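Architecture at a glance
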Amino acid sequence: CDRPLRACYDAMGGQSWKNAAGRSWLDANIPCCEKAFVTCHKEKEEIRKIAWRSIAGLMGTIPPQLGLLTSLEEINVGRTDLSG
């Protein structure tokens, strides 16, 4: 999950996110299912949901690398300024 989450962080203004927990997306030593704003399938260690609505300052374009998360079923964008 590191490559797609890093791509999202970079493309969507991660440096200006007001919630520092988002920086967990940059740390390859943190297991994917322990990173901030993600929920994984219980039976497998793959990301099922991303809750971007929780990230203040989120803006930009959703990168194509997000498609690498093949088990992703839901993205909660809430009131964000995203496109793509």
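Fair warning: this is a prediction, and the values are worked out from it, not measured in the lab.

On to the sheet that holds strand β1 (residues 38–40). Here 3 strands make up an open sheet; going across it, the order is β1-β2-β4 and the pairing mixed. On the outer flanks of this sheet lie β1 and β4 (74–76), each paired with one strand and no other. Direction aside, neighbouring strands of the sheet carry axes that sit 15 degrees apart on average. Relative to β4, strand β2 (residues 47–51) runs parallel, the two being bridged by 3 bridges. Residue A51 lies in a different strand from β4, and its bridge partner there is N76.

This next bit is on the side chain of S24. Note that S24 resides in the loop between α1 (2–11) and β1. There is a polar contact of 3.0 Å between the side chain of S24 and the backbone nitrogen of A36. Ignoring sequence-local partners within four residues, the contact set of S24 consists of I30, K35 and A36.

In terms of nonpolar packing, the biggest core is built from 17 residues, with W17, W25, I47, I50 and W52 touching the most fellow members. Elements with a minimum of two residues in this core: α1, β1 and β2. Beyond its immediate stretch of four places on either side in the chain, W17 contacts Y9, M12, G22, R23, W25, I55, A56, G57 and L58.

How each quantity is defined
- Residues numbered from 1 in each chain as written.
- Predicted model: local features only at pLDDT ≥ 70, side-chain atom pairs only at ≥ 80, totals over all residues.
- Heavy atoms only, no water.
- Pairing = 2+ DSSP bridges.
- Helix = DSSP H or I, 4+ residues; strand = E, 2+ residues; numbered from the N terminus.
- Axes fitted to C-alpha atoms, helices over the stretch in contact; angles between N-to-C directions.
- Polar contact = N/O pair within 3.5 Å; in protein donor to acceptor, adjacent residues only side chain to side chain.
- Contact = heavy atoms within 4.5 Å.
- Core = buried A, V, L, I, M, F, W, Y, C linked by side-chain atoms within 4.5 Å.
- Buried < 20%, exposed > 50% of the residue type's maximum accessible area, 1.4 Å probe, protein only.

None of this, on its own, says anything about what the molecule does.
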